[in-house]
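Descriptive analysis of the structure
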Amino acid sequence: KKLVRDPTLITQADWVTISYYLFNMYVRTPAFIESMKQNFQKMTEELNQMACRMMSALQKARGEGKNIPAPDISPSDSPRCTMDEWNKWAEGLETEQGRLDMAAAFYSNMIDVAQYIQRMSLFILNAPSGLFFITTDTPLILLSMSSDSTLGAGWGNADAFAIYPLDPKHFMAMFYAGPATIRGKTLSAD
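As the structure is a computational prediction, the values presented were derived from the model and not from experiment.

Concerning the overall build of the chain
Check the secondary structure of the chain and you find six helices and five strands. Counting helices and strands in the order they occur from the N terminus, the chain gives α-α-α-α-α-α-β-β-β-β-β. Taking 190 residues into account, the globule formula puts the C-alpha radius of gyration at 16 Å, and the chain, at 22 Å, lies well above it. Taken over the C-alpha atoms alone, the chain extends approximately 75 × 35 × 35 Å along its principal axes. Split into buried and exposed, the 190 residues of the chain put 31% on the buried side. Across the chain, contacts joining residues at least 24 apart in sequence account for 70% of those joining residues at least 6 apart. Put simply, the chain shows about 12500 Å² of open surface, and 58% of that area lies on carbon and sulfur atoms.

Here it is in structure tokens:
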């Protein structure tokens, strides 16, 4: 109600509450889970292709009698799982339990993401008289302003841009613009 009636009444405590609410709205939707599933599957496909190219290059070099030294990798740089383990995990995303596990894993980042959200500026957009906003079935959308895409968008990225409908007449846009501020604007029909 404060965001719609008078955003200047939002306190820091309100903004902390809002940031946790927005995180929940972002992570708990089927659209987010499907998007993350697709991103991880695309990443898995790219990792598998990269591993195949590396193996081919290694086999070719060995066939030519070349000695390829092992890379100097510290324990902190070593992979946390094998490609087989990664592929098994990615295949599990096709199951309902796999998707739920993936969504649940994002909750370990809740505090960090909420703190990023709290640093964003809010812009409350008011619909012109007699008009309303039309929204999608995704309540909260996070985009990269540089690519205008959800792919690669992240709350901690400087180009993060999030939009969230408050009600049919009010829309909230969030982005990084210096110190966090709250502003409002009534749009024209144009």
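Structure shown, so let's carry the discussion forward.
Points about the packing of aromatic side chains
Tallying each qualifying case throughout the model produces six aromatic pairs. With a centroid separation of 5.5 Å and 85° between ring planes, the pair formed by Y26 and W155 is classed as edge-to-face. One end of the pair, Y26, is in helix α2 (residues 12-27); the other, W155, is in the loop between β2 (141-144) and β3 (160-167), and 129 residues separate them in sequence. When sorted by exposure, Y26 lands in the same class as W155, which is buried. With a centroid separation of 5.2 Å and an interplanar angle of 40°, the aromatic rings of F133 and F171 are classed as tilted. Taken together, the residues span a long stretch of sequence, with F133 in the loop between β1 (121-126) and β2 and F171 in strand β4 (residues 170-175) at a distance of 38 residues. Joined through ring pairs, the aromatic side chains of F123, F161 and F175 make up one cluster. Seen from the ring of F132, K169 lies directly overhead, with NZ or CZ sitting 5.0 Å from the centre.

Re the layout of surface pockets
In this structure, the largest pocket occupies an estimated 450 Å³ of space. What lines the largest pocket is a set of 22 residues, among which Y26, F32, M36, L142 and A153 lie closest to the centre. Contributions of two or more residues to the lining of the largest pocket are made by α2, α3 (30-63) and β2. Each residue belonging to the lining of the largest pocket can be placed in one class, and the counts come to 14 nonpolar, eight polar and no charged.

What to know about the pattern of salt bridges
Applying the stated rule across the entire model yields two salt bridges. Here K2 ties to D14 by a salt bridge, and the two come within 2.7 Å at their closest N and O atoms. With K2 in helix α1 (residues 2-5) and D14 in helix α2, the pair connects residues that are 12 residues apart, well separated along the chain. The class of D14 is partly exposed, set by a relative accessible area of 21%. Across the pair E64 and K66 runs a salt bridge whose closest N-O atoms are separated by 3.2 Å.

A word on the side chain of S144
Its place among the elements puts S144 in strand β2. Classification of S144 as buried rests on a relative accessible area of 5%. Looking at S144, its side chain comes within polar contact range of the side chain of S147, at 3.3 Å. Only 2.5 Å separates the side chain of S144 from the side chain of D159, close enough to count as a polar contact. Look past the residues within four positions of S144 in its chain and what remains in contact with it is S149, A153 and D159.

So, unusual backbone geometry
Residue D148 is not a glycine yet carries a positive backbone phi of 55°. Within the secondary structure, D148 sits in the loop between β2 and β3. Here D148 falls in the exposed class, since its relative accessible area comes to 62%.

Each value, and the rule that gives it
Residues numbered from 1 in each chain as written. Predicted model: local features only at pLDDT ≥ 70, side-chain atom pairs only at ≥ 80, totals over all residues. Heavy atoms only, no water. Helix = DSSP H or I, 4+ residues; strand = E, 2+ residues; numbered from the N terminus. Rg over C-alpha atoms; globule rule 2.2 N^0.38 Å. Buried < 20%, exposed > 50% of the residue type's maximum accessible area, 1.4 Å probe, protein only. Contact = heavy atoms within 4.5 Å. Areas by Shrake-Rupley, 256 points an atom, 1.4 Å probe, with all protein chains shown as cover. Phe/Tyr/Trp six-rings, centres within 6.5 Å; stacked < 30°, edge-to-face > 60°. Lys NZ or Arg CZ within 6 Å of the ring centre and 35° of its normal. 1 Å grid on protein atoms, 1.4 Å probe; cavity = no way out; pocket = protein on both sides within 12 Å on 5 of 7 lines; lining within 4 Å. Points joined across faces, edges and corners; volume = space filled by probe spheres on them. Nonpolar A, V, L, I, M, F, W, Y, C, P; charged D, E, K, R; others polar. Salt bridge = Lys/Arg side-chain N within 4 Å of Asp/Glu carboxyl O. Polar contact = N/O pair within 3.5 Å; in protein donor to acceptor, adjacent residues only side chain to side chain.

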